[in-house]
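Spelled out, the chains give:
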Amino acid sequence: MRKGALKKKQRQLEELHLDRREALGELVLGMFVQGNWDDSLLARGAAEVSEVETELKSLAAGDLREPDSAAHDFPATGEYTAEHPYPVTGEYTAEHALPATGEHTAEHALPAAAAKASEKKVPDRKAESKKAEVNPDKTASPAIVPAPVPPSASTPTPVSPTAATPSVPAKPAAEAKPVPVPKPTTSPDATPMADPRPAGSTPVVPAAEAAKEAVPELSPLDKLAAELEATESKAKAATEAAKASATADSKTELSAITREVESDRKKLDDALKAAAASIELANRKASDAESKLARESAASRQAATEWVRNQAAEIEADAALAAEIAPKTEAPAPPPPGSASVEPDAATAAKIASLEANLAAEKAAKAEAISNAESRLKAIEASARQAEDRVAAAEKAAATGAAAVAAENDEPKSPKQSATTEAEAREAAVTWLRGQISALKAELSKDASTSAPAAEPRDGGS
Amino acid sequence: MGLFSRDGQSGRERRAMKDHLDELDELRRTSLGELGEMTVGMANEGSFDRRALSEKATQVVSIDREADLIARGLEEGLTLEELEDLARREDEPGTDPGASSTSRRS
């Protein structure tokens, strides 16, 4: 066995040893958790670990000296595996039996160096086996006769006599019964020319016996090798699965972060939209209130002006009536010439006097009413001016509020907070508007109350 | 806003928890190996000292508990403080094995 192969095997054995130790630890842990101790099971697990330890030690010891096939339960012929390259002679072992037909498969691929020799050898072997079958009496050797065993990987098949030759005359040599073997009739290139062993000096073992010996001796090692390969493949699969899971995990995390960012952005957009809508609504309400206020103030002003005009017209009409009456009373028509002078009647004079007194009182009342109306008009104008000032102040406040809302929207603000602010602003605007309306109503009622007493004396006088 | 955080847990905490989980896994494997080695030694001597085996197994159980706690923290997005609280709460009524598992971390 090569040194590299030995090291590889040693490494695999070490891994197996670790695995078994961990498995034994798991077993102890399970017993501890369940509180159910089983000494025989523990002893069995420990024996398995010890077995691997022993193999590891023997392998380490074998690594120091020349590889000994007998020490490693190798068959006398020397086994061939992927890690045990085929000898140049194309030596055949029971472990990697070629079919009787000499068929070569990829599974038992020979190294390039030995390929040429084996290509030549396989037909020879076939020919020899055929020859042996055809002429069994001539050969008269049990080694050549194919044994009727089921075909398997560890089943030996008839091979050339050279292949049955043990590579090392060790333990099998002592057990081997030398039997007469027919000399190979193959061509010289099929002979073991690269085999350093002398062909005649080696004891020959019958193939059937060699197979009998090889099968039980090789099987634990084969099992171990298979187990090691299985462990290695499992470890590889686990590593790949871990890599895949790590990749999937990072992808999942990235997608979760992306989803969070998107949802946050969506929330922010929604909040901005809500804030813009509330600002627009507040602006519309403010403009509505402003226009309503302007309409009401204009209507009240117009009504006041109309009332004052009516009052003035009435006063003028009364004055004209008084002027008409006055010449009649003050300067009575002169008596026609030639007639006797007529003294005014006392009743008429009294009536005239009373009329004059009434007229004077009415004039005084009208003048007072006019002065009152003028002062009232001035007050209304002043209040209208005040209302205009308030409207201007409200406009200014609304503009300031909109700027503040815009500034707040620049910063991230929670939708709940913005909704609260908006509700407060709306409430303040409604309160202010209610105050304006009540003030206007009060003004209008005042106007009505002042106009009513002014009209009463006029009605009563006429 | 905490765009890169999951619930209250920061990315740094998450990474630290993952690293710690790996360390715990490695520690568990080592402890199990030691436990197996101890068992082999006892088998060679011909008698099993259950008390010694139980002590070693207790260590492994505490490692398992801590690993479970960290895994839960990772899964539920808990911060380190929340994890400490959870560990304390779990330890309060606790009986034996992982009583000192969290104190080792701090």
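Residues numbered from 1 in each chain as written. Chains lettered and ligands numbered in written order. Predicted model: local features only at pLDDT ≥ 70, side-chain atom pairs only at ≥ 80, totals over all residues.

## As for helix α2 (residues 50-76) of chain B
Residues and elements named next belong to chain B. Helix length check: α2 (27 residues) gives 38 Å between terminal C-alpha atoms against 39 Å at 1.5 Å per residue, within 8%. Every buried residue belonging to α2 is among Leu53, Lys56, Ala57, Val60, Ile63, Arg65, Glu66, Leu69, Ile70 and Gly73, and all of these are buried. Where α2 ends, the next residue or the one after it, glycine 77, has phi of about 65 degrees, a positive value. (Helix = DSSP H or I, 4+ residues; strand = E, 2+ residues; numbered from the N terminus. Expected span 1.5 Å × (residues − 1). Buried ≥ 20, exposed ≤ 12 C-beta atoms within 10 Å, placed from the backbone.)

## Topic: the interface of chain A and chain B
Chain A puts 23 residues into the contact, and the matching count from chain B is 20 residues. Counting residues per element, the ones that place at least two in the side of chain A that touches chain B are α1 (3-34), α2 (39-64) and α6 (207-330) of chain A. Ranked by residues supplied to the side of chain A that touches chain B, first place goes to α1 of chain A with 10 residues. Looking at side-chain class alone, the side of chain A that touches chain B contains 14 nonpolar, three polar and six charged residues. (Contact = placed C-beta atoms within 7 Å. Nonpolar A, V, L, I, M, F, W, Y, C, P; charged D, E, K, R; others polar.)

## Some details on the packing of α1 of chain A against helix α1 (residues 11-45) of chain B
In contact at an axis separation of 7 Å, α1 of chain A and α1 of chain B are set at 85 degrees when each is read in the N-to-C sense. Relative to α1 of chain B, the element α1 of chain A lies roughly perpendicular. Two secondary-structure elements touch here, α1 of chain A through Leu18, Arg21, Glu22, Leu24, Gly25, Glu26, Val28 and Leu29 of chain A and α1 of chain B through Arg29, Leu32, Gly33, Leu35, Gly36, Glu37, Thr39 and Val40 of chain B. Taken together, the residues of the contact of α1 of chain A with α1 of chain B break down into seven nonpolar, four polar and five charged. (Axes fitted to C-alpha atoms, helices over the stretch in contact; angles between N-to-C directions. Parallel < 35°, antiparallel > 145°, perpendicular 65-115°, else oblique.)

## A word on the confidence of the model for chain A
Residue and element names in this part refer to chain A. Across chain A, pLDDT averages 68, with 56% of residues at or above 70. For chain A, per-element mean pLDDT is lowest for helix α5 (residues 171-175), which scores 38, and highest for α1, which scores 90. When the criterion is pLDDT under 50, residues 66-76 qualifies, and its contacts beyond four places in sequence or with other chains add up to 30 contacts. (pLDDT = per-residue confidence, 0-100.)

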